[in-house]
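Commentary on secondary and tertiary structure
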Amino acid sequence: MILVFKIIAMRHRIRREAQKIMKLRTVCAAAVVALTTAFGTVAVNAATPKDMAVIVWQLDELITLDPAEAYEFSGAELAANLYDRLVFYNIDNTDDIQGGIAESWSVSDDGKTFTFKIRDGMTFHSGNPVTAEDAAWSLQRVVKLNKGPAFILSEFGLTADNVDQKVRATDARTLVFETDKPYAESFVLNCLGSWVSSVLDRQTVMQHEKDGDFGNGWLKTNAAGSGPFKLNTWKPNELVMLDRFDGYWRGPAKMKRVALRHIPESAPQRLLLEKGDADIARNLGPDDIDQLAKNADIGLRKVPQGAIYYLGLNQKNEQLAKPQVAEALKWLIDYDSIETNILRGTKVQHQSFLPAGFLGDIEDKPYRYDLDKAKALLAEAGVGDGFKVTMDVRNTYPTADVAQAIQAMWAKAGIDLEIIPGDNKQTLTKYRARQHDIYIGRWAPDYLDPHSNAQGFAWNPNNADDSDFKLLAWRNAWDIPDLTRRTDEALAESDTARRSALYEEMQREHQKASPFVIMFQDIAVVAERKGVSGFEVGPNFDVVYYRNISKE
Amino acid sequence: MTPDSKPEAQIPAPQIPGTGGRRRGALTATPQWAASGLRLLISVAVTFLGLLAVTFFIGRVVPIDPVLAAVGDRASADTYERMREELGLNLPLWQQFGHYVWNAVRGDFGTSVLTSNPVLTDVRRVFPATLELATVATIIGIIVGIPAGVIAAVRRGTWIDHVIRVIGLMGYSVPVFWLGLMGLLILYAKLDLVAGPGRIDLYYEGLVPTYTGVILLDSAIAGEWDVFRNAVSHIVLPASILGYFSLAYISRMTRSFMLEQLRQEYITTARVKGLPERTVIWRHALGNAWVPLVTVIALSYGTLLEGSVLTEIVFSWPGLGFYITNSLLNADMNAVLGGTVVVGCVFIGLNLLSDLLYRKLDPRAR
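Residues numbered from 1 in each chain as written. Chains lettered and ligands numbered in written order. Predicted model: local features only at pLDDT ≥ 70, side-chain atom pairs only at ≥ 80, totals over all residues.

Attention now moves to the pairing of strand β8 (residues 229-235) of chain A. Here is the key point about a regular strand: its side chains alternate between the two faces of the sheet. Residues and elements named next belong to chain A. As paired elements, β8 and strand β9 (residues 239-244) share six bridges and run antiparallel to each other. Paired with lysine 235 across the bridge in β9 is leucine 239. Connecting the antiparallel pair β8 and β9 is a turn made up of three residues, with asparagine 237 showing a positive phi of about 60°. (Pairing = 2+ DSSP bridges. Helix = DSSP H or I, 4+ residues; strand = E, 2+ residues; numbered from the N terminus.)

Here it is as structure tokens:
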């Protein structure tokens, strides 16, 4: 039995180590700043081969490469480079949807039937031709497998039983996609342009099918697509190596090889980049960004990302349910100070539920720090002396830091905020059970369409505890029949300009009345060595392309 | 006067808090091999059952939803329910535990949610990296630590002793990730003496077939000396840093064991007999100090084999410590259990090994 106790002790140890890691990021950053000040900038000699791009990135979340299953940023991003979709985005203007595997399409008059003409002469990595059957089968497969991201397609009324009729190839070059009711054309195309709709090489995948799994077991660690890159190697927590596919229909990629290396910490990423052992670094902390900004060999790029950073106020809490309290809390945050002192270029202020870069986004930022106004609102709500409330906080940068800043700001109005730290899965489990008071978190849209966030923040068809739809409005017990109806309306609006106007109107109301304190939007900071260009990072995680990366 | 009277009394508490002392004598006390073998087997079996019980119930008690970990935040209620059934979480708890033990006995620890590989496959992949790092670190610890400890003991109170003890103390107190980053910054980035994070340069990736997973061995077997040199340049820094900690411990212990031996009368006798001082110290005194040292080294090696999470993160070293920690943070309980069992096996193995060595070194135990 001695070993049992040893194991218990070890588990404690592991937990302690885990906590240490939480702190490590900050301490590491501080250590490196201190050290570089002492030793000056790092010596440079470029070392990566000319025809290979090396990207350093946190890859530990990568679980599966199967596009029908992947729900992680890295998995969706890799799908964008290993596979093609029916349509794809112009990276500079994502409202402009272009033909991918489908060279053209048409929509029936009732808005429910989409017919895609498949491009001729395309081949998969295996050499098999890309056909409408492959496309139909790939979409059917997503619905039948019913993994995490399946809802992106099944929300069109597709089920395992009807999908074979609704999504079908009428001949080798014609694909028909039928929805249960009319949806905005832009919405349908945006969903068919998301990673989950990647077109797979049916013959190759089915050779590896086991027990009716549609090849899912095999595709977790393999790829069978027609994208600009083929999978060479994936070593979990170590690296992903991609080889160029020379037969790519838009012309072969410029790099023969792209390697993604898993480097968990910011400081080593920076060292590798400065040393020339990496060409692109993607998880740099504010301290390393500051230092790299001074390095003439490194270029920094900031790309707005879809993720929204917000507070969710549970309406089951009697204080938070008062509209004046919710509004007061929005006036009680010093957005400027948090942006400059804590986030330092990794996020920008944003106060509406659609991220900049999405259809219907607005720039309005009505709230700023105003203690007097907040106090007046709190007095109006009958809590002029403040109240006690808790916040569940992920124990990582910058969430923990932002929460502490908010704690100090709210204390000035007499609000006693207790911070409950936890790890991601812990806080999320509590949030989804609606047992929190306040949750501080991040919400990233699932696909590049305004509906993803509208559905998250402004749609709650059933506020009961056993609702089937546990999105953000539900999680905060915010019962909103009117907004729910309008979200559905905007979804069905086929005129894109009108659709956009509907979202703008909804957001302005939402800003005023919602129990969401929307604060910031993510920025991706991409650091590249001089001479590296063409790395295309879009506003959503499944729109990142390696094909045009080149090195001088 | 027996040369090694009561060496056990001086064995310090092992590095892992709460692990308690090692039960010595299971092999030495009983002369019958069969009986002791049986006892060993039963103790291993009971230990495993306890281990499984503890990890299983901790896994069920933590306020983390494993289904959520598997299907993601926004899956539909239907998908969620299906995964719950797939994971067997809808069964009564005792049934879940039954399945669990039965599978574990057959060597099936399930599939890791994070990597979607069978846990054993994952462990087979990450453990060699840790084994390689821990072994090189321990060798460094032994080669440097033992002589340093002996010299410190012999020259007790002199400046050499102080220098060695201060260096040892630093090894104890400086945070490993700071040392790691500093090493990277100076030796890799600034002076270009060693390679950067990772086990091997990208261009050497995949050149050597995998026999053992230990790159140093694999490349030597394949005769790929370029790869071997590259792997050495990668491992030298993290291994030295871990080795530093190991040597701090080993040298401190060596010093104290040696001081104990040097006080013994047989040393005086040996000196009186006119044996050269070198022989007295390195053969007679150290020869007896070896017995407790084996335990110290085994414990220190075992600790390193658990995987050193911080070092692994700083050096992007894909080892066991990182694997278990990452799995824990992601509620991947299958992987945590599998990893924990491996660590348990490593400790059993090391205990056996040090018992065997003990027999060899201590004539009375034969």
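A separate point is unusual backbone geometry. Despite not being glycine, aspartate 211 of chain A shows a phi value in the positive range, around 50°. In this fold, aspartate 211 of chain A is placed in the loop between α7 (202-207) and α8 (216-219). The phi torsion at aspartate 192 of chain B lies on the positive side, around 65°, for a residue other than glycine. Topologically, aspartate 192 of chain B is positioned in the loop between α8 (176-190) and α9 (215-222).

Attention now moves to the sheet that holds strand β7 (residues 174-178) of chain A. Remark on secondary structure: sheet strands pair via backbone hydrogen bonds, oriented parallel or antiparallel. Residues and elements named next belong to chain A. Spatial ordering of the open sheet is given by β4-β5-β7-β6, a layout of four strands whose pairing is antiparallel. Edge positions in the sheet fall to β4 (102-107) and β6 (167-171), since each has one partner strand and no second. On average, adjacent strands in this sheet sit at an angle of 25° to one another, irrespective of strand direction. Sheet topology places β4 next to strand β5 (residues 113-118); five bridges connect them, and they run antiparallel. What sits directly across from serine 104, in β5, is lysine 117. Helix-sheet contacts for helix α3 (residues 132-145) involve β5, β6 and β7, and the interaxial angle to β6 is about 170°. (Axes fitted to C-alpha atoms, helices over the stretch in contact; angles between N-to-C directions. Contact = placed C-beta atoms within 7 Å.)

In this section: the pairing of β7 of chain A. Residues and elements named next belong to chain A. Across the two faces of β7 the burial differs, with Leu175 and Phe177 buried and Thr174, Val176 and Glu178 not buried at all. Where β5 lies against β7, five bridges are found, and the strand directions are antiparallel. Residue pairing across strands places lysine 117 opposite threonine 174, the latter belonging to β7. Bridging between β6 and β7 involves four bridges; their strand directions are antiparallel. Across the sheet, the residue bridging to valine 167 is phenylalanine 177, located in β7. The turn joining β6 and β7, which pair antiparallel and follow one another in sequence, is formed by two residues. (Buried ≥ 20, exposed ≤ 12 C-beta atoms within 10 Å, placed from the backbone.)

Residue and element names in this part refer to chain B. What the domain assignment reports for chain B is domain 1 (48-106) and domain 2 (126-365). Averaged C-alpha coordinates put domain 1 and domain 2 at centres separated by 37 Å. The interface of domain 1 with domain 2 comprises six residues on the first partner and nine residues on the second. Elements represented by at least two residues in the side of domain 1 that touches domain 2 include exactly α2 (33-61) and α3 (66-71). Looking at which element gives the most residues to the side of domain 1 that touches domain 2, the answer is α2, with three residues. (Domains from an automatic or database assignment.)

Residues and elements named next belong to chain B. Direction vectors running N to C along helix α6 (residues 119-154) and helix α7 (residues 159-173) enclose 140°, while the axes themselves pass 8 Å from each other. When the interaxial angle is binned, α6 and α7 end up oblique. The element α6 and its partner α7 pack so that their crossing is left-handed. Along its contact with α6, which presents Ala148, Ile151 and Ala152, the element α7 presents Ile160, Asp161, Ile164 and Arg165. In terms of residue class, the contact of α6 with α7 is built from five nonpolar, no polar and two charged. (Parallel < 35°, antiparallel > 145°, perpendicular 65-115°, else oblique. Left-handed = near helix turned anticlockwise from the far one by under 90°. Nonpolar A, V, L, I, M, F, W, Y, C, P; charged D, E, K, R; others polar.)

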